[in-house]
Amino acid sequence: MAHPGSSTSGISEQGDPFAKLKDTSSAPRRTFNLTQVVNHGGALAHGLTAKIDIDRGDQIIEVCDAYILLPKNSHISSVCYWCFSREPNGPYEKLMPCKACMKVVYCSYKCQRTAWEHIHKAECPPLRNLGIRPLPTVTHALLQALLHFTRREISDPRKNPAATLVGSVDDMKASNGEGAMQLQAMAAVHYSGVPPQLIPLACELFCKMEINSFQVKHFNEMVGYCFDPLLARMNHSCDPNAEVSFSEHDYRVTALRGIKKDEPVVISYIDVNNDRDTRRKELKERWHFDCKCVRCEGEAGPEGKYFTLTDYLYNKRLVQLQPKIDEFVNHPRNKAGLPNVSGRPLYEALRHIALTQARAEMDGVNTNAESLALKNAMYDLRWIETVMCRC
Ligand SMILES: C[S@@+](CC[C@H](N)C(=O)[O-])C[C@H]1O[C@@H](n2cnc3c(N)ncnc32)[C@H](O)[C@@H]1O
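Residues numbered from 1 in each chain as written. Predicted model: local features only at pLDDT ≥ 70, side-chain atom pairs only at ≥ 80, totals over all residues. Heavy atoms only, no water.

Regarding helix α5 (residues 178-192)
Spanning 15 residues, α5 covers 21 Å between terminal C-alpha atoms, matching the ideal 21 Å at 1.5 Å per step. Three or more residues of α5 are buried, namely Met181, Ala185, Ala188, Val189 and Ser192. The arc that holds every buried residue of α5, seen down its axis, measures 100°, which confines them to one face. Counted as exposed and oriented over 90 degrees from the buried face of α5: Leu183 and His190. Gly193 sits one or two positions beyond α5 and adopts a positive phi of about 80°. (Helix = DSSP H or I, 4+ residues; strand = E, 2+ residues; numbered from the N terminus. Expected span 1.5 Å × (residues − 1). Buried < 20%, exposed > 50% of the residue type's maximum accessible area, 1.4 Å probe, protein only. Arc of directions from axis to C-beta.)

Printed below as a string of structure tokens:
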């Protein structure tokens, strides 16, 4: 991905989203040192890029104990508050509610004790004062963020871990309604016990957490909400090279393919199997941005509009293969019409072509000129293979 005017800055004290947390938190957090925060400029703002070449399957980031990770309010009484399990563990026969607030449930004593130490000790008293309805998810998350401030003794809340994140505050006000947003912020300020002067900050935080949070999937169901300052730095692409997975309160980012040094590390916020319009609509509605990823830009023409992910991958592969196809098609032939080479590289190239051809046929998209070249190449490949087997 090209980012004109991008500038690189390693994670500095000022730019490091964890800088303030590191010295005050005893929570064990680990990140793998394969990426750095870079300012791309423009709409993308900050994002992560690879510090070194990364292989497919490499674990790029691992964070133990995400900053805020909790079940969505629709699942607050059906999954364990700490590990998201739906089943009881150990001596518990069913998911057990917290006896004090009765708002959250646990699968085991271990989860209950861990959650208590982590955050629930601080939020349980205010949750007790609520009626029977659970707090809206983002208000609950905001309450936790404000409690983190007070618990971690961050005297200047402006130095919060979300301070430098994008917020799209105006867009959010317009779509959520300023009054509704302010009410949620006021509720979180009230229940957390922080001074009312912090309501404007809580409003800003509300927007930032909304824009920078992620859904947590367990067994194919969106059960949770996660806001973490490092994860929040990850930009979106409709052709992602990395993916995020959650396990209990931890998350990791894994490479989906090889990523070159200085290449942006991008995940997908949405279902990338959808066509361009559907993807862009979802990104605009939920994250308030017009996607600038390579795939969206490439599919901007009238045809691309309806491309599926398979179409896109097929075309991308074809572009990569084109020089090899040209080389093959234009190579001098012998009397039998076979290319005058039997070298390994060409053989490998033909194998790629064969795979691409098979995929194109499967998807029924081999109607163009390149496809004819592929078909000829396939024909030649079968001959080469036969000859090679005989040698
Ligand atoms: C989770 S944040 C990612 C980090 C963010 N770039 C920053 O500087 O803090 C999501 C926001 O980043 C920007 N963004 C991420 N991916 C983008 C993309 N493909 N095209 C345009 N903007 C993008 C949008 O402003 C979006 O609301």
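Now that the structure has been shown, the text picks up again.
Observations concerning the site of the ligand
Around the ligand lies a shell of 19 residues, among which Leu44, His46, Asn235, His236 and Lys292 are the nearest. One of the backbone N or O atoms of Leu44 is found 2.6 Å from a nitrogen atom in the ligand. Protein contacts shield 97% of the accessible area of the ligand, which totals 570 Å² for the unbound molecule. In terms of residue class, the shell around the ligand is built from 12 nonpolar, four polar and three charged. When residues of the shell around the ligand are assigned to domains, at least three map to each of domain 1 (7-64 + 228-298) and domain 2 (103-213). (Near = heavy atom within 4 Å. Polar contact = N/O pair within 3.5 Å; in protein donor to acceptor, adjacent residues only side chain to side chain. Areas by Shrake-Rupley, 256 points an atom, 1.4 Å probe, with all protein chains shown as cover. Nonpolar A, V, L, I, M, F, W, Y, C, P; charged D, E, K, R; others polar. Domains from an automatic or database assignment.)

Some words on the packing of α5 against helix α6 (residues 199-211)
At a minimum axis distance of 9 Å, the contact between α5 and α6 shows a crossing angle of 115°. What the angle tells us is that α5 and α6 run roughly perpendicular. Taken as a pair, α5 and α6 cross one another with a handedness that is right-handed. Counted together, Met181, Gln182, Gln184, Ala185, Met186 and Val189 of α5 and Ile199, Ala202, Cys203, Phe206 and Cys207 of α6 form the full contact between these two elements. Across the contact of α5 with α6, the residue classes tally to nine nonpolar, two polar and no charged. (Axes fitted to C-alpha atoms, helices over the stretch in contact; angles between N-to-C directions. Parallel < 35°, antiparallel > 145°, perpendicular 65-115°, else oblique. Left-handed = near helix turned anticlockwise from the far one by under 90°. Contact = heavy atoms within 4.5 Å.)

So, the sheet that holds strand β11 (residues 250-255)
Across the sheet, three strands lie side by side as β4-β11-β10; this open sheet has antiparallel pairing. At either margin of the open sheet sits one strand with a lone partner, and together these are β4 (59-63) and β10 (242-247). Along the sheet, successive strands turn relative to each other by an average axial angle of 15°, direction set aside. As paired strands, β10 and β11 are joined by six bridges and run antiparallel to one another. Looking across to β11, one finds that Ser245 is bridged to Arg252. (Pairing = 2+ DSSP bridges.)

Focus: the packing of aromatic side chains
Under the criterion given, the structure shown has six aromatic pairs. An angle of 65° between the planes, with centres 6.3 Å apart, marks the rings of Tyr67 and Phe227 as edge-to-face. Of the two residues, Tyr67 sits in the loop between β4 and β5 (68-71) while Phe227 sits in strand β9 (residues 221-227), which places them 160 residues apart along the sequence. The buried category is assigned to Tyr67, whose relative accessible area is 2%. The exposure class assigned to Phe227 is buried, which follows from its relative accessible area of 2%. Ring geometry for Tyr269 versus Trp287: centroids 5.0 Å apart, planes at 45°, classification tilted. Of the two residues, Tyr269 is situated in the loop between β11 and α7 (276-287) and Trp287 in helix α7; the sequence distance between them amounts to 18 residues. Look at Trp287 and you get buried, because its relative accessible area is 7%. Connected via pairs of aromatic rings, a cluster forms that spans Phe214, Tyr269, Trp287 and Phe289. (Phe/Tyr/Trp six-rings, centres within 6.5 Å; stacked < 30°, edge-to-face > 60°.)

Digging into the packing of helix α4 (residues 169-176) against α6
Where α4 meets α6, the closest approach of the two axes is 10 Å, and the angle between their N-to-C directions is 90°. Regarding the angle of α4 to α6, the classification is roughly perpendicular. Within the contact between the two elements, α4 uses Val169, Met172 and Asn176 and α6 uses Phe206, Cys207, Glu210 and Ile211.

A word on the sheet that holds β9
Backbone-to-backbone hydrogen bonds join strands into a sheet, with any given pair of strands oriented parallel or antiparallel. Here three strands make up an open sheet; going across it, the order is β5-β9-β8 and the pairing antiparallel. With one partner strand each, in any of the chains shown, β5 and β8 (214-218) form the two edges of the open sheet. Direction aside, the axes of adjacent strands within the sheet are offset by 35° on average. Of the strand pairs in this sheet, β8 and β9 are connected by five bridges, and their pairing is antiparallel. Residue pairing in the sheet places Gln215 in a bridge with Tyr225 of β9.

Some points on the environment of Cys107
Residue placement: Cys107 occurs in the loop between β7 (105-106) and α2 (109-128). Setting aside residues no more than four positions away along its own chain, Cys107 makes contact with Cys80, Cys83, Ser85, Glu87, Pro88, Asn89, Tyr92 and Leu95.

Quick look at the pattern of salt bridges
Under the defined criterion, the tally for this structure stands at 10 salt bridges. Where Asp290 meets Lys284, a salt bridge forms, and the shortest distance between an N and an O atom there is 3.6 Å. Through salt bridges with shared partners, a single network forms among Arg279, Arg295 and Glu299. (Salt bridge = Lys/Arg side-chain N within 4 Å of Asp/Glu carboxyl O.)

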